[in-house]
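Per-entry structural report
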Amino acid sequence: MKFVFFGAPGAGKGTMAARAAEAFGLPHISTGEIFRGAMREGTPLGLRVKAVIESGGLVSDELTIGLVRERLAKPDAAKGWLLDGFPRTMAQAEALVSFCPEDHVIDLEVSDAKVLERLSGRRMCRGCGRSFHTVFMPPKKPDVCDDCGGELYIRNDDSVDSVRTRLENYRVQTSPLEAYYRKRGTLVPVDGEGSADEVWSVLRGVMERLIAGEKA
Ligand code: AMP
């Protein structure tokens, strides 16, 4: 089954998609993580997108759509996938429908206040990309990833200026997709305001029902 994880920066898309990937055995495809991996390794893709990502802007549709299209063509994506951070523009949503339409869009609903609170304490693992939060999801050992022992760092685009730009981009370019998906009948709203465990316990049930419905 094919799921898009949708919501504002800080809504919990990455955290929930990672848990869902483990629970349901589907590949977690995060465009942000693909870009960050390329930046870490200094590949041509990484060098190309670094400035725009660090300023909080969006990578071009052409590049991002091409990348996702290639990724979804890989064998592990044949049984389904969890897309996190894509689509972010109407052009991306329409492209996805044209080459590999989603079954459901998990819309993680959170208030602006919650988004700011989450982004301001976010820490990411350099090794595996898992995210933590200094208050809401602290690692067992400070600045060390529970999963892989990697070093935790603050994303450059979590700085105050970049966060402002990202929220503005979300409001203008991404939030209109909600109406688009509602019209397509694939939007599944989920309250994303609680703790990671609270949101996951609701989301898990929602996804189990959707997957069972497919098999029935
Ligand atoms: P994320 O980890 O999803 O917050 O993504 C981090 C950054 O990567 C975003 O702020 C954008 O600069 C870039 N990015 C990720 N996904 C996309 C996308 N679908 N379209 C354009 N830029 C993206």
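Not measured: the values here are computed from a predicted model.

1. Structural notes on the sheet that holds strand β6 (residues 131-133)
Taken together, 3 strands build an open sheet; the order of strands is β6-β5-β7 and the sheet is antiparallel. Whereas interior strands pair on both sides, the edge strands pair on one side only; in this sheet they are β6 and β7 (152-153). In this structure, strand β5 (residues 122-125) lies alongside β6, joined through 3 bridges in antiparallel fashion. The partner of Arg123 across the bridge, within β6, is Phe132.

2. Things to note about the side chain of Thr15
With respect to the secondary-structure elements, Thr15 resides in helix α1 (residues 13-24). What makes Thr15 buried here is its relative accessible area of 15%. Engagement of the side chain of Thr15 in a polar contact is seen with the side chain of Ser131, the distance being 3.4 Å. Look past the residues within four positions of Thr15 in its chain and what remains in contact with it is Ser131, Met137 and Ala196.

3. Re the sheet that holds strand β1 (residues 2-6)
Spatially, β2-β3-β1-β4-β8 is the arrangement adopted by the 5 strands of the open sheet, whose pairing is parallel. Among the strands making up the open sheet, the edge pair consists of β2 (28-30) and β8 (187-191). In this sheet, adjacent strand axes meet at a mean angle of 25 degrees when their direction is disregarded. Sheet topology places β1 next to strand β4 (residues 104-109); 4 bridges connect them, and they run parallel. Note that in β4 the partner of Phe6 across the bridge is Asp107. The sheet strands contacting α1 are β1, β2, β3 (81-84) and β4, and the helix crosses β3 at an angle near 170 degrees. Strands in contact with helix α8 (residues 177-184) are β1, β4 and β8; relative to β8, the strand with the most contacts, it is inclined by about 120 degrees.

4. Examining the site of the ligand
Surrounding the ligand, one finds 16 residues, the nearest of these being Thr31, Arg36, Gly57, Gly85 and Gln92. Gly57 places a main-chain nitrogen or oxygen 2.5 Å from an oxygen atom of the ligand. For the ligand, a nitrogen atom lies 3.0 Å from a polar atom in the side chain of Arg88. Considering the ligand on its own, with 470 Å² of exposed area, one finds that the protein chains cover 96% of that surface. Broken down by element, the residue count for the shell around the ligand peaks at 4 residues, all from helix α2 (residues 31-41). Classifying every residue of the shell around the ligand gives 5 nonpolar, 6 polar and 5 charged.

5. Focus on the nonpolar core
In terms of nonpolar packing, the biggest core is built from 47 residues, with Phe3, Phe5, Trp81 and Ile106 touching the most fellow members. Take this core: its biggest share by element is 8 residues, from helix α9 (residues 196-215). The residues touching Trp81, leaving out its near neighbours within four places in the chain, are Met1, Lys2, Phe3, Val4, Leu26, Pro27, Ile29, Leu72, Leu96, Cys100 and Glu102. Within the second largest apolar cluster, 7 residues are counted, among which are Met39, Ile53, Leu63 and Leu67.

6. Examining unusual backbone geometry
Here the bond from Phe86 into Pro87 is cis, since omega is -5 degrees, no more than 30 degrees from zero. Within the secondary structure layout, Pro87 lies in the loop between β3 and α5 (90-99). Positive phi, normally seen in glycine, also occurs at Asp143, with a value near 65 degrees. Its location among the elements puts Asp143 in the loop between β6 and β7.

7. Re helix α6 (residues 112-120)
Residue pairs spaced three or four apart in an α-helix point in one direction, given the helix's 3.6 residues per turn. Every buried residue of α6 is accounted for by Lys114, Val115, Arg118 and Leu119. For α6, the angular spread of buried residues about the axis comes to 125 degrees, placing them on one side. Opposite the buried face of α6, by more than 90 degrees, sit the exposed residues Asp112, Ala113 and Ser120. Buried residues in α6 make contact with β5, β6 and α7 (160-174).

Definitions and cut-offs
- Residues numbered from 1 in each chain as written.
- Predicted model: local features only at pLDDT ≥ 70, side-chain atom pairs only at ≥ 80, totals over all residues.
- Heavy atoms only, no water.
- Pairing = 2+ DSSP bridges.
- Helix = DSSP H or I, 4+ residues; strand = E, 2+ residues; numbered from the N terminus.
- Buried < 20%, exposed > 50% of the residue type's maximum accessible area, 1.4 Å probe, protein only.
- Polar contact = N/O pair within 3.5 Å; in protein donor to acceptor, adjacent residues only side chain to side chain.
- Contact = heavy atoms within 4.5 Å.
- Axes fitted to C-alpha atoms, helices over the stretch in contact; angles between N-to-C directions.
- Near = heavy atom within 4 Å.
- Areas by Shrake-Rupley, 256 points an atom, 1.4 Å probe, with all protein chains shown as cover.
- Nonpolar A, V, L, I, M, F, W, Y, C, P; charged D, E, K, R; others polar.
- Core = buried A, V, L, I, M, F, W, Y, C linked by side-chain atoms within 4.5 Å.
- Arc of directions from axis to C-beta.

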